[in-house]
Amino acid sequence: MAKNASIYWNPIMETMPREKLRELQVKKFKRIFEWAYNNSPFYKKLYKDAGMEPGDIKTYDDIKKVPKTDKGMLRDVQTRPPFPYGDMLAVPLQDVTEFRQTSGTTGTPVYQADTWQDWEWWAECWAYILYAQGYRDTDRMFIPFGYNIFVAFWAAHYAAEKLGCEVVPGGVLDTEARIMKMQELKCTAFGATPTYVLGMADTARKIGIDPRSIGIQRITCAGEPGASIPTTKKRIEDAWGAKVYDHIGATEIGAWSYMCTAQKGLHVNDAFFLIEIEDVDTGEIIEEPMKNGKMVITAFDRMAKPCIRFDSKDVIRWADYDCECGRTFRIIDGGVVGRADDITKVKGVLLAPTAIEEVVRSFSELSDEYEVIVTKKGDIDDIMLKIEIKPGFEKQEAEILNRLKDELRVKTNLGYKIEVHPYESLPRYALKAKRFKDMRPH
Amino acid sequence: MAIKYNIDEIDAKIQEIKEAAKEIEKLGGDIEAVKKNLVRLRASTKMLELNISDVKLVM
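About the cut-offs
- Residues numbered from 1 in each chain as written.
- Chains lettered and ligands numbered in written order.
- Predicted model: local features only at pLDDT ≥ 70, side-chain atom pairs only at ≥ 80, totals over all residues.
- Helix = DSSP H or I, 4+ residues; strand = E, 2+ residues; numbered from the N terminus.
- Rg over C-alpha atoms; globule rule 2.2 N^0.38 Å.
- Buried ≥ 20, exposed ≤ 12 C-beta atoms within 10 Å, placed from the backbone.
- Contact = placed C-beta atoms within 7 Å.
- Pairing = 2+ DSSP bridges.
- Nonpolar A, V, L, I, M, F, W, Y, C, P; charged D, E, K, R; others polar.
- Core = buried A, V, L, I, M, F, W, Y, C linked by C-beta atoms within 7 Å.
- pLDDT = per-residue confidence, 0-100.
- Expected span 1.5 Å × (residues − 1).
- Axes fitted to C-alpha atoms, helices over the stretch in contact; angles between N-to-C directions.

*Asks:* Can you lay out the overall build of chain B for me, pointing to particular residues and giving the numbers?
*Replies:* A tally of helices and strands in chain B yields 2 helices and 0 strands. The C-alpha radius of gyration computed for chain B amounts to 14 Å, which surpasses the reference 10 Å derived for 59 residues by more than 25%, pointing to a less compact arrangement than a globule. Projecting the C-alpha coordinates of chain B onto the three principal axes gives extents of approximately 45 × 15 × 15 Å. Relative to its full complement of 59 residues, chain B shows a buried share of 10%.

The following block contains the structure:
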């Protein structure tokens, strides 16, 4: 227990035996349930309607009976007072110090309220992440992020400060200026979406800077699944000569998962969150490894707008391996492998957009950008993949396309029309990329 | 679990910080600079509780 304490942010929690962690989770679930029941009109009604009250939570199995919440509910509460958060709020409005909102990728943005304590909690969750990824007080971390209305790397900034890192906010700078500042200051680490990390490497080369020469040792990716897709992760590591670590979190949930320096799957922070994986068809909770299901998640310590049994629609699976780092926090394999509302049927075949990314990014002759457009012609689905071939490989176009078609067919069981676009003509993204466009009438 | 750390002793000190915060609040009366800085102190203290005191839930 607590061996090699220096690799853990909190050796007591991170190496706690799993049966004790489970016991802790039940106690903490009961605590947040009681808090929400007593302080949030939304939760009180939800639980009363289901015939449940705090005393009903005694065992892990009792948790499964608690009604779930979903994004539709989060949007719906916003139509009721107090403005703008709605009656899910469990603290007086004057205690709220932080406003953030979701990106609105799947609909109306959700407004998120946090008290100062909640904000400390965000930074604490991120401290577990950064410390596990090797960040120390000797690091100079650059944050190439717009410091805007989205939570994104705000909490990473505060966590890095908590660790004692020197934090350089790259807010309003453009990409070129950010790269030059990182080079000038000899930054050792930064965090961004995988799309932007790749875009930064491209820009660096364009202005005559080899990204590998900057001296970046570690990069924390978030916002997209890329850093858990082996071919994308390899591209980033090759481009920057740095280790790349994935992290998963969400505005309405918190920062719940992270890759450690062993880079083997992602740990879930079992001390601060309860992650349940639900079988999409049966609704049963999946305990066995390597079986996909959608995540239902509880944040134990987020007080202003509690997140209890939130149906995230993220598709994840438990790993069938342990991590050599010694953490007892459970591991999910491959990060978020899809979205329950994102895996779509094309020509009758289930398709996860991440599978296309894995194939495209495995081709070193292709640029980092691509786009997938699904349309319907008559009764038949049509799937078009737009790609860019890197300069110098144009003459091999026919051979590249044949190989790409073959590999896509093997990986996704689908045939694609492929369109080659001029290098750097497809859209570039600074935050979450929208590369999969389903244009079929629904 | 984690026997090299004395959880009870650390927790007792954390509770002392909370008690001290209450006393400072009482003594500070309506001084905003005291009230608002105590919000921050309490938030940090809460993180200590989440990291350490919560272990007592399963000891």
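So that's the structure; there's more coming.
*Asks:* Go over the overall build of chain A with me, naming the residues and quoting the values.
*Replies:* Along chain A, the regular secondary structure elements total 12 helices and 20 strands. In terms of overall dimensions, chain A has a C-alpha envelope of 70 × 60 × 45 Å along the principal axes. By the burial criterion, 46% of the 442 residues in chain A qualify as buried. In chain A, once contacts between residues fewer than 6 apart in sequence are set aside, the share between residues at least 24 apart is 68%.

*Asks:* Got a sec to walk through the sheet that holds strand β14 (residues 338–339) of chain A? Specific residues and values, please.
*Replies:* Residue and element names in this part refer to chain A. Spatially, β10-β11-β12-β14 is the arrangement adopted by the 4 strands of the open sheet, whose pairing is antiparallel. With partners counted over all chains shown, the strands left at the sheet margins are β10 (273–278) and β14, one partner each. The sheet contact formed by β10 and strand β11 (residues 293–299) spans 6 bridges and is antiparallel. Within β11, the position partnered with Ile275 by the bridge is Ile297.

*Asks:* An account of the interface of chain B and chain A is needed here, citing residue identities and associated values.
*Replies:* At the junction of the two partners, chain B supplies 17 residues and chain A supplies 18 residues. Grouping the amino acids of the side of chain B that touches chain A by side-chain chemistry returns 11 nonpolar, 2 polar and 4 charged.

*Asks:* If you had to explain the nonpolar core to someone new, which residues and values would you point to?
*Replies:* Residue and element names in this part refer to chain A. Of all hydrophobic cores here, the largest spans 112 residues; its most connected members are Trp126, Met141, Phe190, Ile219 and Ile297. Here this core takes 11 residues from helix α6 (residues 116–132), the largest share from any one element. The residues touching Trp126, leaving out its near neighbours within four places in the chain, are Ala155, Ala156, Ala159 and Ala255. Counting 13 residues, the second largest nonpolar core, distinct from the first, contains Ile356, Ile383, Leu385 and Ile389.

*Asks:* Could you give an account of the confidence of the model for chain B, with specific residues and numbers?
*Replies:* For chain B, per-residue confidence averages 95 on the pLDDT scale, and 95% of positions sit at 70 or higher. Predicted complex, confidence summary: ipTM 0.96, pTM 0.86.

*Asks:* Could you give me a rundown of helix α2 (residues 18–39) of chain A, with the residues and numbers involved?
*Replies:* Residues and elements named next belong to chain A. End to end, α2 covers 31 Å across 22 residues, agreeing with the expected 32 Å (1.5 Å per residue, within 8%). Buried within α2 are the following residues: Leu24, Gln25, Lys28, Phe29, Ile32, Phe33, Trp35 and Ala36. Its buried side turned inward, α2 meets α3 (41–49), α4 (60–63), β10 and β11.

*Asks:* Can you explain the sheet that holds strand β19 (residues 417–421) of chain A? Please cite residues and give values.
*Replies:* Residues and elements named next belong to chain A. Spatially, the 4 strands line up as an open sheet ordered β19-β18-β17-β20, and their pairing is mixed. Every interior strand has two partners, whereas the edge strands, β19 and β20 (436–438), have only one. Across this sheet, the average inter-strand angle for adjacent strands is 20 degrees, counted without regard to direction. Note: strand β18 (residues 380–389) against β19, 5 bridges, orientation parallel. Among the inter-strand pairings, Ile387 is bridged to a residue of β19, identified as Val420. Sitting on the sheet, helix α12 (residues 397–412) touches β18 and β19, and the angle it makes with β19 is about 140 degrees.

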